[in-house]
Amino acid sequence: MIERMHLAIIREVERQGSLTAAAEKLFLTQSALSHSIKKLEQQLGTDIWLREGRSLRLTQAGQYMLAVANRLLPQLSLAEERLRQFAQGERGTLRIGMECHPCYQWLLKVVSPYLADWPDVDVDVKQKFQFGGIGALFGYEIDMLVTPDPLYKPGLVFQPVFDYEQVLVVNDKHPLAKLAYVLPEQLSNETLITYPVEIDRLDIYNQFLQPAGISPQVHKPIETTDIMLQMVASGRGVAALPRWLVQEYQSRFAVTPVQLGKQGIAKQIYLGIRETESQIDYVQAFIQLAQAGLNDD
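Below, the structure is looked at part by part. Keep in mind that what you see is a predicted model, and the values were worked out from it rather than measured.

**Regarding the overall build of the protein chain**
Then step 1. A tally of helices and strands in the protein chain yields 10 helices and 12 strands.
Then step 2. Relative to the globule expectation of 19 Å for 297 residues, the C-alpha radius of gyration of the protein chain, 25 Å, shows a markedly less compact shape.
Then step 3. Projected onto its principal axes, the C-alpha coordinates of the protein chain cover approximately 75 × 50 × 30 Å.
Then step 4. A burial count over the protein chain gives 46% of its 297 residues as buried.
Then step 5. The contacts in the protein chain between residues at least 6 apart in sequence include a share of 72% that link residues at least 24 apart.
Then step 6. Carbon together with sulfur atoms contributes 50% to the accessible area of the protein chain, which is approximately 15,400 Å² in total.
Then step 7. Averaging the locations of the 28 positively and 34 negatively charged side chains of the protein chain gives two centres separated by 5 Å.

**Remarks on the nonpolar core**
Then step 1. Ranked by internal contacts, the top residues of the largest apolar core, which has 62 residues, are W106, I204 and F286.
Then step 2. In terms of residue count, strand β6 (residues 156–171) provides more of this core than any other element does, 7 residues in total.
Then step 3. Residues contacting F286, with those up to four places away along its chain left out, are L94, I96, L107, V110, V111, Y114, M144 and L271.
Then step 4. The next biggest cluster of nonpolar side chains, apart from the first, holds 20 residues, and it includes L7, L26, I37 and M65.

**Examining the state of the cysteines**
Then step 1. Under the counting rule described, the total for this entry stands at 1 disulfide.
Then step 2. The disulfide bridge from C100 ends at C103, spanning 1.6 Å between sulfur atoms.
Then step 3. C100 gets classed as buried once you look at its relative accessible area, which sits at 10%.
Then step 4. Note on C103: relative accessible area 2%, which makes it buried.

**A few points about the pairing of strand β10 (residues 238–242)**
Then step 1. In terms of burial, β10 is a largely internal element, 5 of the 5 residues being buried.
Then step 2. Two elements, β6 and β10, share 4 bridges in a ladder whose sense is antiparallel. Following the sheet pairing, Q166 is matched in β10 by P242.
Then step 3. The pairing of strand β8 (residues 191–194) with β10 spans 2 bridges and is parallel. The partner of I193 across the bridge, within β10, is A239.

**Topic: the pattern of salt bridges**
Then step 1. Taken as a whole and judged by the stated rule, the model has 11 salt bridges.
Then step 2. Salt-bridge contacts for K267 lead to D203; the nearest nitrogen and oxygen are separated by 3.1 Å. With K267 in strand β12 (residues 265–274) and D203 in helix α7 (residues 203–209), the pair connects residues that are 64 residues apart, well separated along the chain. With respect to burial, K267 and D203 carry one shared label: buried.

**A few points about the packing of helix α5 (residues 103–117) against helix α10 (residues 281–292)**
Then step 1. As a packed pair, α5 and α10 sit with axes 10 Å apart at the nearest point and diverge in direction by 125°. With respect to each other, α5 and α10 are oriented oblique. Judged by the twist between their axes, the crossing of α5 over α10 is right-handed. Contact residues: W106, L107, V110, V111, P113 and Y114 in α5; Y282, A285, F286, L289 and A290 in α10.
Then step 2. When grouped by side-chain class, the residues that make up the contact of α5 with α10 number 11 nonpolar, no polar and no charged.

**Thoughts on helix α3 (residues 30–44)**
Then step 1. Between its terminal C-alpha atoms α3 stretches 21 Å, which fits the 21 Å expected from 15 residues at 1.5 Å a residue.
Then step 2. Buried within α3 are the following residues: L33, S36, I37, L40 and E41. Axial view of α3: buried residues confined to an arc of 135°, hence all on one face. Facing away from the buried side of α3, by more than 90 degrees, are the exposed residues S31, H35, K38 and Q42.
Then step 3. Where α3 ends, the next residue or the one after it, G45, has phi of about 75°, a positive value.

Rules behind the numbers
- Residues numbered from 1 in each chain as written.
- Predicted model: local features only at pLDDT ≥ 70, side-chain atom pairs only at ≥ 80, totals over all residues.
- Heavy atoms only, no water.
- Helix = DSSP H or I, 4+ residues; strand = E, 2+ residues; numbered from the N terminus.
- Rg over C-alpha atoms; globule rule 2.2 N^0.38 Å.
- Buried < 20%, exposed > 50% of the residue type's maximum accessible area, 1.4 Å probe, protein only.
- Contact = heavy atoms within 4.5 Å.
- Areas by Shrake-Rupley, 256 points an atom, 1.4 Å probe, with all protein chains shown as cover.
- Lys, Arg positive; Asp, Glu negative; His and termini not counted.
- Charge placed at Lys NZ, Arg CZ, Asp CG, Glu CD.
- Core = buried A, V, L, I, M, F, W, Y, C linked by side-chain atoms within 4.5 Å.
- Disulfide = S-S within 2.5 Å.
- Pairing = 2+ DSSP bridges.
- Salt bridge = Lys/Arg side-chain N within 4 Å of Asp/Glu carboxyl O.
- Axes fitted to C-alpha atoms, helices over the stretch in contact; angles between N-to-C directions.
- Parallel < 35°, antiparallel > 145°, perpendicular 65-115°, else oblique.
- Left-handed = near helix turned anticlockwise from the far one by under 90°.
- Nonpolar A, V, L, I, M, F, W, Y, C, P; charged D, E, K, R; others polar.
- Expected span 1.5 Å × (residues − 1).
- Arc of directions from axis to C-beta.

What is shown is where atoms sit, not what they do.
As structure tokens, this is what we get:
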């Protein structure tokens, strides 16, 4: 009874805001679109939309259909693409989403040997640092999520692939550079530079400063690692980054990593995938390469 076109119409009307625009997007006439939905409403015995002047509002049944459309249509599109690749003798494309800024630097070290090992698999990296990575996995927008903060949900599997330490980064001449570790109160008069991420997702806040009731004097978000480290090197503030990343940049910038607290802050990078695809050979190969790679450095 419910056809793919019905779902596509409901999703497109919601996206475009009108029947006319949705019809153009779907290469249909407006009358054909309206007739299709009217026939579905008759079969279902309930309305999909309610008219409010010139606008349409989804009913409860319509909202449910929209949720189904958003969930199923990406899966169907992916299935068609996979089958096309099989028919042409291709492996496919591994679409990787990023949920942290420095993870991209790490990922590059894995992608290069992976592409050499798997010449019939393409890799597409989506750097949407503040997007809903879990939703993208469930919605089949990506095939793998790179994150330091896994959110375990039924149907998803997260594999730890790389251990690292989150450290404070200071100018070589900063008084804190000589210490074995820093305490939260020592940052109360500092300008703290971070990536533009919500504070509750920043480790230096939720694992170091906030438990001690401390805030930095100034919090300054900066998008790129290079600019962040240039600011630190010029004495414009301090930052929090993975130790391995700081060590890679030390030949270019006069900066020093310092342990955060007596115990330090231990972190891991995880790769998240859908459980139903956990046995795909080229997906498993990427995870295994990631686990064997930088941890051996």
